[in-house]
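Inside the fold
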Amino acid sequence: MANNSLLQGLNPQQEKAVVHAQGSLAVIAGAGSGKTSVLTKRIAWLVSTYGLRSYQILAVTFTNKAAAEMNKRLVALGIPAVDQMWAGTFHGLSHRLLRRHHEAAGLSAHFQILDAQEQEKVVKKVFKANDWSTEEFSPKDVVRYINAQKDEGRRPHQCTTENAIEAFQREAYEAYQSLCDQNSWVDFGELLLRCYEVTKNNEEIRLKYQTQFAHILVDEFQDTNDIQYNWIKLLSDAGQAVPVTVVGDMDQSIYSWRGAQMTNVQRFVDEFANVGMVKLEQNYRSTHHILACSNTIIQNNLQRIDKNLWTAKTEGDKVTLFEAQDEKEEAVWAVNQACRQHQK
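Here is what the cut-offs are and how they apply
Residues numbered from 1 in each chain as written. Predicted model: local features only at pLDDT ≥ 70, side-chain atom pairs only at ≥ 80, totals over all residues. Heavy atoms only, no water. Helix = DSSP H or I, 4+ residues; strand = E, 2+ residues; numbered from the N terminus. Buried < 20%, exposed > 50% of the residue type's maximum accessible area, 1.4 Å probe, protein only. Contact = heavy atoms within 4.5 Å. Areas by Shrake-Rupley, 256 points an atom, 1.4 Å probe, with all protein chains shown as cover. Expected span 1.5 Å × (residues − 1). Arc of directions from axis to C-beta. Polar contact = N/O pair within 3.5 Å; in protein donor to acceptor, adjacent residues only side chain to side chain. Axes fitted to C-alpha atoms, helices over the stretch in contact; angles between N-to-C directions. Parallel < 35°, antiparallel > 145°, perpendicular 65-115°, else oblique. Left-handed = near helix turned anticlockwise from the far one by under 90°. Nonpolar A, V, L, I, M, F, W, Y, C, P; charged D, E, K, R; others polar. Core = buried A, V, L, I, M, F, W, Y, C linked by side-chain atoms within 4.5 Å. 1 Å grid on protein atoms, 1.4 Å probe; cavity = no way out; pocket = protein on both sides within 12 Å on 5 of 7 lines; lining within 4 Å. Points joined across faces, edges and corners; volume = space filled by probe spheres on them. Phe/Tyr/Trp six-rings, centres within 6.5 Å; stacked < 30°, edge-to-face > 60°.

What about the overall build of the protein?
Per the secondary structure count, the protein includes 14 helices and eight strands. The burial tally for the protein puts 44% of its 344 residues in the buried class. Long-range contacts, defined as pairs at least 24 residues apart, comprise 77% of the intrachain contacts of the protein with a sequence gap of at least 6. As presented, the protein carries roughly 18,200 Å² of accessible surface, and 48% of it is formed by carbon and sulfur atoms.

Quick notes on the side chain of Ser-54
When you line up the elements, Ser-54 lands in the loop between helix 3 (35-50) and strand 2 (57-60). Discounting chain neighbours no more than four positions away, the residues touching Ser-54 are Ile-79, Pro-80, Ala-81, Val-82, Gln-84, Met-85 and Trp-86.

A short note on helix 6 (residues 116-129)
Its 14 residues place the ends of helix 6 20 Å apart at the C-alpha level, agreeing with the 20 Å of an ideal helix rising 1.5 Å per residue. Here helix 6 has its buried residues at Gln-119, Glu-120, Val-122, Val-123, Val-126 and Phe-127. For helix 6, the angular spread of buried residues about the axis comes to 155°, placing them on one side. Seen from the open side of helix 6, the exposed residues pointing more than 90 degrees away from its buried face are Gln-117, Lys-121, Lys-128 and Ala-129. In this structure Asp-115 caps helix 6, since a side-chain oxygen of it lies 3.1 Å from the backbone nitrogen of Gln-117.

Overview of the packing of helix 6 against helix 7 (residues 139-151)
Direction vectors running N to C along helix 6 and helix 7 enclose 115°, while the axes themselves pass 9 Å from each other. Looking at the two axes, helix 6 sits roughly perpendicular to helix 7. Handedness of the helix 6/helix 7 crossing: right-handed. Taken together, the residues of helix 7 that come into contact with helix 6 (itself represented by Gln-119, Glu-120, Val-123, Lys-124 and Phe-127) are Pro-139, Lys-140, Val-142, Val-143, Ile-146 and Asn-147. Partitioning the contact of helix 6 with helix 7 into residue classes produces six nonpolar, two polar and three charged.

Quick word on the nonpolar core
Of all hydrophobic cores here, the largest spans 56 residues; its most connected members are Leu-58, Trp-231 and Ile-232. Aside from chain neighbours lying at most four places away, what touches Ile-232 is Val-60, Phe-90, Ile-216, Val-218, Val-244 and Phe-272. Of all hydrophobic cores here, the second largest spans 28 residues; its members include Ala-17, Val-38, Ile-43 and Trp-45.

Things to note about the layout of surface pockets
Roughly 930 Å³ of volume is contained in the largest pocket. His-91, Asn-147, Asp-151, Phe-188 and Arg-258 are, among the 34 residues lining the largest pocket, the residues nearest its centre. Of all the secondary-structure elements, those providing two or more residues to the lining of the largest pocket are helix 5 (90-100), helix 6, helix 7 and helix 9 (188-201). The element contributing the most residues to the lining of the largest pocket is helix 7, with six residues. Across the lining of the largest pocket, the residue classes break down as 12 nonpolar, 12 polar and 10 charged.

Observations concerning the packing of aromatic side chains
With the rule as written, the count across this model stands at 16 aromatic pairs. Seen in terms of ring centroids, Tyr-209 and Phe-213 are 5.7 Å apart; in terms of plane orientation they differ by 25°. Their pairing is stacked. Phe-213 matches Tyr-209 in its accessibility class, with the two residues each being buried. Ring centres 6.0 Å apart and planes at 55° place the aromatic pair Phe-221 and Tyr-229 in the tilted group. Here Phe-221 matches Tyr-229 in class, with each residue buried. An aromatic cluster of three or more residues is present, and its members are Phe-127, Trp-132, Phe-137 and Phe-168.

From the geometry alone we can't say anything about function, so treat these as descriptive.
Given below as structure tokens:
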């Protein structure tokens, strides 16, 4: 595979991101700026230019579908042994690591993963065993509390209690975790937290992966939570042991309600070693009027890394404003607009 062929069709900023040296890099990728192509070609560039093997790359994607698409593109680019690359979601990669090191993680070889419904059932078992009233305290609220604490890396003894409700929730968390540990049950939050703990507390395992991985890449970095950020920081020794490439955009963060910290993009720039930065500002999806409106709105965001989206497309239709009374009226309006466009 000729390196130059990887750069065909890329704009100057995309090319700059792809060919950046092996050191750490923050790619600030605006909406519709071709970040998937850049991320994939950066992996291919690292392999073809620096001789990295597929198993030396850890690539974290937001969904399993995104990981499959990445693998498909890498195969098309002629990258060998793509199936040996550590590519997947944070949960999927944590699962893989814990299966390999279940003893060090304090788990049985056949530990069971709890989905959201199963997790709530376990909490209800804890309520029943302790004769707690579900009318006074909600099992769903306890589940949300447990997940929030795990996303921030806190075990029951590390949780603060400022009132009676928080004191109860911490007690419920402790009882729930005890039952899970007895049965080797692992919920989604536990996958991340226990993976972080075994990486932190077991130097042999940490050094094993710091030696194995030659580069770590993380997509949608604005949607990472504290435990995910800290695991990448720990695993890479803040970029000193393993260089890290992150792709993200603080203006596109939509998951704060489930613990995502958009400021992780800025934290990465500030806390990791020798971080370069490339901004992808050319948009291939929208017209000029749409981007002008978007830029005007997002420049008011208080926490952001500044960028200015632009496009080579025509001006297009002007943006119209529709204020709906509720989500149903909004949906009907959107469908009607789509139908009108389809009929043109």
